Amino acid sequence: MILAIDQGTTGTSCLVFDEQAEPIGRAYREFTQQFPQPGWVEHDAQEIWQVTMAVAGEALDDAGARPGDLTALGIANQRETVCVWDPDSGEPLHRAIVWQDRRTAGRCEQLREQGHEALVRARTGLVLDPYFSATKIEWLLEHVEGLRERARDGRALFGTVDSWLIFKLTGEHVTDATNASRTLLYDIGEGRWDPELLELFGVPERSLPRVQSSAGPFGRVRADLLHGHAVTVHGVAGDQQAALFGHACVDPGTGKNTYGTGSFVLINAGFQRPRTPPGVLVTAACSVGDARAYALEASIFVTGAAVQWLRDGLGIIERAEQTEALARELDGNDGVYFVPALTGLGSPHWDPHARGTIVGLTRGSTRAHIARATLEAIAYQTVDAVRAMEHACPQPLSELRADGGASTNAWLMQFQADVLGVPVALGAQSEMTALGAAYLAGVGADLWTVSDLRGEHGRLAVRERERYEPRMRDDERARLLAGWAGALSRARCGP
């Protein structure tokens, strides 16, 4: 058996998988969201730890696991969130600063004005944005009394949530390349903490975790934990990279989209670092042994959140599922487009000044037009992201593998295939992030190999729940995308 911990932004899921990677036990529990000031988002790291241990025990009980049954443990985690703790007591020294937190936006702007973005982009593949970890660490060093001296002397440790959990489980201060690559401190080409970036942000290297392969031993879980289950942590990855691995996107040109509140599109770019196209991030996809794979990533800010806005802000639907029936009421969009730039635009535009915009309304427009335009916008934004990525991919995307809440909307998935022009495939399992953590743990423990995931004949080849083939004419696709481009240009005319 393999225990997979999927530590997310609002809660923790734990799943137990058998040797055929089938789920046989699961549990989930939410934890508290802290909002101490506008734009600030924090978590209690100790609560995350306690909830994770409780949920792990419930999942093991659900699977009927007995001590000795576990082969390996895998961890997937919310990325970029920063924890800081005392290495002797194991107690947090401040609440965790969450990836959503925007308190360092001004500092990022200052760094851009000082001309540092080119260095950051070249070394890390990222952009200067408070989304990432470095300015969060810098803020803690400046605002928590005595922390800079403690970090310098080895009496304070920083890490993303994976390294916090690993430390609590094993006593080791370690992370993997996928999480390190989200900090703005890690040179993804050299595979190391970058001295120049550490100096720029004032972060002592000794306070950061050791970086290693995503699949391999991270440490042995202490005997008094996990309800008597003695096991080694064998796989770790940030949640989006774990989902990429869970979809078996292990070859260049394979990619996935997780349709959540926002959407995250990742495409495997192979073992040579790709050039960085405008508006797209380059990140570590996975590392197994000495092989380091790269991924292109697009972060789309508002997709499922736009559907939530229809429900909670406008009140035109009561449940998200209603959008599918409303979209089917119409034969076309009748020229109505919705650009859901409700918090600006993410990849590939990165325009914080864009504003939500609906164009093409007439007296004949109904709530069905708004609902359909919202679903279409999810698909159009994905097309924009994929097209930007394909300029740097070794080969074009052959299919898009999908997961997340909106992937259950059959109308949306068919429309996505139509406007993207490639098939959209849904895996047989819904918990792709946890599955990816389990796959990595199994590979790290030598239970499976990467080849076991590859192609339809692989031992663990991902089965499809549904597959949507494109059936739209090329001229119709071009017409719709031209209309979207026009609406997008209007949304970007805001202040």
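**Student:** Could you give an account of the overall build of the protein chain, with specific residues and numbers?
**Tutor:** Looking only at helices and strands, the protein chain has 15 helices and 23 strands in total. A compact globule built from 495 residues would reach a C-alpha radius of gyration of about 23 Å, and the protein chain, at 22 Å, matches this within 12%. Principal axes of the C-alpha set define a box for the protein chain whose edges measure 65 × 50 × 45 Å. Looking at the protein chain residue by residue over its 495 residues, the buried ones come to 61%. Summarising the internal contacts of the protein chain: among those between residues at least 6 apart in sequence, 72% fall at separations of at least 24. Accessible surface, the protein chain: about 18,800 Å² in total, of which carbon and sulfur atoms supply 48%. Of the charged side chains in the protein chain, 47 are positive and 64 negative; the average position of the first set lies 3 Å away from that of the second.

**Student:** Please give an account of the state of the cysteines that cites residues and values.
**Tutor:** Disulfides are covalent bonds that link the sulfur atoms of two cysteine residues. In total, this model carries 0 disulfides according to the counting rule given. Free of any disulfide, Cys 14 has its nearest cysteine sulfur in Cys 83, 16 Å distant. Taking relative accessible area as the criterion, Cys 83 reaches 2% and is therefore assigned buried.

**Student:** Report on the packing of helix α9 (residues 239-246) against helix α14 (residues 432-444), specifying residues and quantitative values.
**Tutor:** At a minimum axis distance of 7 Å, the contact between α9 and α14 shows a crossing angle of 75°. Judged by the angle between their axes, α9 and α14 are roughly perpendicular. Residues Asp 239, Ala 242, Ala 243, Phe 245 and Gly 246 of α9 form the contact with α14, whose own contacting residues are Met 432, Thr 433, Leu 435, Gly 436, Ala 437, Tyr 439 and Leu 440. Looking at the contact of α9 with α14 residue by residue, the classes come out as 8 nonpolar, 3 polar and 1 charged.

**Student:** A description of the side chain of Thr 254 should follow, citing residues and the corresponding values.
**Tutor:** In this structure, Thr 254 sits in the loop between α9 and β15 (255-259). For Thr 254, a relative accessible area of 11% translates into the label buried. One polar contact links the side chain of Thr 254 to the main-chain carbonyl oxygen of Asp 251, over a distance of 2.5 Å. Apart from residues lying up to four places away in sequence, Thr 254 is in contact with Leu 244, Cys 249, Leu 266, Ile 267, Asn 268, Leu 397 and Arg 401.

**Student:** Break down unusual backbone geometry for me, with residues and values.
**Tutor:** Cis geometry marks the peptide bond from Ser 347 to Pro 348, where omega comes out at -5°. On the secondary structure map, Pro 348 appears in the loop between β19 (337-339) and β20 (357-359). The backbone of Glu 80 sits at a positive phi, close to 70°, despite the residue not being glycine. Tracing the sequence through the fold places Glu 80 in the loop between β5 (72-77) and β6 (82-85). We classify Glu 80 as buried; its relative accessible area is 2%. Backbone geometry places Trp 350, a non-glycine residue, at a positive phi of 45°. Within the secondary structure layout, Trp 350 lies in the loop between β19 and β20.

**Student:** So what's going on with the pattern of salt bridges? Residues and values would help.
**Tutor:** If you walk through the whole model with that rule in mind, you get 32 salt bridges. Through salt bridges with shared partners, a single network forms among Arg 79, Glu 80, Arg 182, Asp 239 and Glu 297.

**Student:** Would you mind going over the nonpolar core in detail, with residue names and values included?
**Tutor:** The tendency in soluble globular proteins is for nonpolar side chains to be buried side by side. In terms of nonpolar packing, the biggest core is built from 102 residues, with Leu 140, Phe 158, Leu 185 and Phe 201 touching the most fellow members. Counting residues per element, this core draws most heavily on helix α12 (residues 367-390), which supplies 13 residues. If you look at the next biggest cluster of nonpolar residues, it comprises 39 residues, including Leu 3, Val 55, Leu 157 and Val 233.

**Student:** Go over the sheet that holds β6 with me, naming the residues and quoting the values.
**Tutor:** One open sheet accounts for 4 strands, arranged β4-β7-β6-β8; its pairing is antiparallel. In this open sheet, the two edge strands, each paired with only one partner strand, are β4 (42-43) and β8 (157-159). Two elements, β6 and strand β7 (residues 92-97), share 3 bridges in a ladder whose sense is antiparallel. Bridge pairing in β7 places Val 84 opposite His 94. Across the sheet, helix α4 (residues 134-143) is in contact with β6, β7 and β8; its angle to β7 comes to roughly 140°. The strands that helix α6 (residues 161-170) touches are β6, β7 and β8; relative to β6, the one it contacts most, it runs at about 35°.

**Student:** Can you explain the packing of helix α10 (residues 304-314) against α12? Please cite residues and give values.
**Tutor:** Relative to each other, α10 and α12 sit at 165°, their axes nearing to 9 Å. With respect to α12, the element α10 is oriented roughly antiparallel. You can see that α10 and α12 cross each other, and the crossing is right-handed. Residue-level inspection shows Gly 304, Ala 306, Val 307 and Leu 310 of α10 in contact with α12, the latter providing Ile 370, Ala 371, Thr 374, Leu 375 and Ile 378. Classifying every residue of the contact of α10 with α12 by side-chain character gives 7 nonpolar, 2 polar and no charged.

**Student:** Any details on the environment of Ala 305? Residues and values, ideally.
**Tutor:** Within the secondary structure, Ala 305 sits in helix α10. According to the relative accessible area criterion, Ala 305 is buried, its value standing at 18%. For the pair formed by Ala 305 and Pro 340, sequence separation is 35 residues and the distance between their alpha carbons is 8.8 Å. Once you skip the residues sitting within four places of it in the chain, Ala 305 turns out to touch Gly 260 and Thr 261.

**Student:** Tell me about α12, and please be specific about residues and values.
**Tutor:** In this model, α12 (24 residues) spans 35 Å end to end at C-alpha, consistent with the 34 Å of a helix rising 1.5 Å per residue. N-capping of α12 is provided by Thr 366, with a side-chain oxygen placed 3.1 Å from the backbone N of Ala 368.

**Student:** Describe in detail α14, supporting the description with residues and values.
**Tutor:** Count 3.6 residues to each turn of an α-helix, and residues three or four apart come out pointing the same way. Its 13 residues place the ends of α14 18 Å apart at the C-alpha level, agreeing with the 18 Å of an ideal helix rising 1.5 Å per residue. Counting buried residues in α14 gives 13 out of 13 residues, a clear majority hidden from the surface. Remark: Asp 446 follows α14 within two positions and exhibits a positive phi of approximately 65°.

**Student:** Now, about the side chain of Thr 160: what can you tell me, with residues and values included?
**Tutor:** Among the structural elements, Thr 160 can be located in the loop between β8 and α6. Residue Thr 160 is classed as buried on the basis of its relative accessible area, which comes to 6%. Apart from the residues within four sequence positions on either side, Thr 160 is in contact with Glu 80, Thr 81, Ser 133, Thr 175 and Asn 179.

Criteria and cut-off values
- Residues numbered from 1 in each chain as written.
- Predicted model: local features only at pLDDT ≥ 70, side-chain atom pairs only at ≥ 80, totals over all residues.
- Heavy atoms only, no water.
- Helix = DSSP H or I, 4+ residues; strand = E, 2+ residues; numbered from the N terminus.
- Rg over C-alpha atoms; globule rule 2.2 N^0.38 Å.
- Buried < 20%, exposed > 50% of the residue type's maximum accessible area, 1.4 Å probe, protein only.
- Contact = heavy atoms within 4.5 Å.
- Areas by Shrake-Rupley, 256 points an atom, 1.4 Å probe, with all protein chains shown as cover.
- Lys, Arg positive; Asp, Glu negative; His and termini not counted.
- Charge placed at Lys NZ, Arg CZ, Asp CG, Glu CD.
- Disulfide = S-S within 2.5 Å.
- Axes fitted to C-alpha atoms, helices over the stretch in contact; angles between N-to-C directions.
- Parallel < 35°, antiparallel > 145°, perpendicular 65-115°, else oblique.
- Nonpolar A, V, L, I, M, F, W, Y, C, P; charged D, E, K, R; others polar.
- Polar contact = N/O pair within 3.5 Å; in protein donor to acceptor, adjacent residues only side chain to side chain.
- Salt bridge = Lys/Arg side-chain N within 4 Å of Asp/Glu carboxyl O.
- Core = buried A, V, L, I, M, F, W, Y, C linked by side-chain atoms within 4.5 Å.
- Pairing = 2+ DSSP bridges.
- Left-handed = near helix turned anticlockwise from the far one by under 90°.
- Expected span 1.5 Å × (residues − 1).

Purely spatial values, then, with no claim about function.
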